[in-house]
Amino acid sequence: MNYCEACGMPMSKPEDYAQGDTSSQFCLYCVNADGSVKTAAEIFEGGVNFFMQHVSDDRTMAEKVTRKNMNQQSYWQGKNEPILQGEEATDEEFAEVMKKMG
Ligand SMILES: [Zn+2]
């Protein structure tokens, strides 16, 4: 299984990949129509919305979990994105959320 390097989404089918290209390191949600990777702020907001739809409408927790998730992805290492600085979910909170998302 491959995982998106920006958001960690598992990519199993060609449709899961950016532009349907299975050699891409990114998922369809993290790339613009022209193939460029979205900004950290855009991907962060997408993660927050996903969390709020699937787990809980607690926006503060959504931001903390999304920040922790993105900071674990290789694409963001060393980029010092302002949106990724700040409070993160604890390992316990993160594990709890992963359980809920199945
Ligand atoms: Zn992605």
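Given the structure is predicted, the values throughout are model-derived calculations rather than measurements.

Asker: Sorry if this is basic, but what is going on with the nonpolar core here?
Answerer: General note: in soluble globular proteins, nonpolar side chains tend to be found buried as a group. Of all hydrophobic cores here, the largest spans 13 residues; its most connected members are C4, C7, F26, C27 and C30. Residue-level mapping places this core at the junction of two domains, with at least three residues from each of domain 1 (1-37) and domain 2 (39-102). Contacts of F26, omitting those with residues within four sequence positions, involve C4, E5, A6, A18, V31 and V37.

Asker: How should unusual backbone geometry be read in this particular structure?
Answerer: The bulk of non-glycine residues show a negative phi, and the bulk of peptide bonds are trans. Non-glycine residue Q19 carries a positive phi angle of around 55 degrees. As for its placement among the helices and strands, Q19 is situated in the loop between β2 (10-11) and α1 (40-54).

Asker: Sorry, what's going on with the domain arrangement of the chain here?
Answerer: Interface extent is often summarised as the accessible area lost during association of the parts. If you check the domain split of the chain, you get domain 1 (1-37) and domain 2 (39-102). Centre-to-centre separation of domain 1 and domain 2, based on C-alpha positions: 18 Å. Of the residues in the side of domain 1 that touches domain 2, the class split is four nonpolar, one polar and one charged.

Asker: Looking at this model, I keep getting lost on α1. Mind explaining?
Answerer: For α1, built from 15 residues, the straight-helix expectation of 21 Å at 1.5 Å per residue is met to within 8% by its first-to-last C-alpha distance of 21 Å. Taken as a whole, α1 has its buried residues at I43, F44, G47 and F51. Seen end-on, α1 carries its buried residues on one side only, within an arc spanning 105 degrees. Among the exposed residues of α1, those oriented more than 90 degrees off its buried face are A41 and Q53. Those residues of α1 that are buried are in contact with α2 (59-71).

What counts and what doesn't
Residues numbered from 1 in each chain as written. Predicted model: local features only at pLDDT ≥ 70, side-chain atom pairs only at ≥ 80, totals over all residues. Core = buried A, V, L, I, M, F, W, Y, C linked by C-beta atoms within 7 Å. Buried ≥ 20, exposed ≤ 12 C-beta atoms within 10 Å, placed from the backbone. Domains from an automatic or database assignment. Contact = placed C-beta atoms within 7 Å. Helix = DSSP H or I, 4+ residues; strand = E, 2+ residues; numbered from the N terminus. Nonpolar A, V, L, I, M, F, W, Y, C, P; charged D, E, K, R; others polar. Expected span 1.5 Å × (residues − 1). Arc of directions from axis to C-beta.

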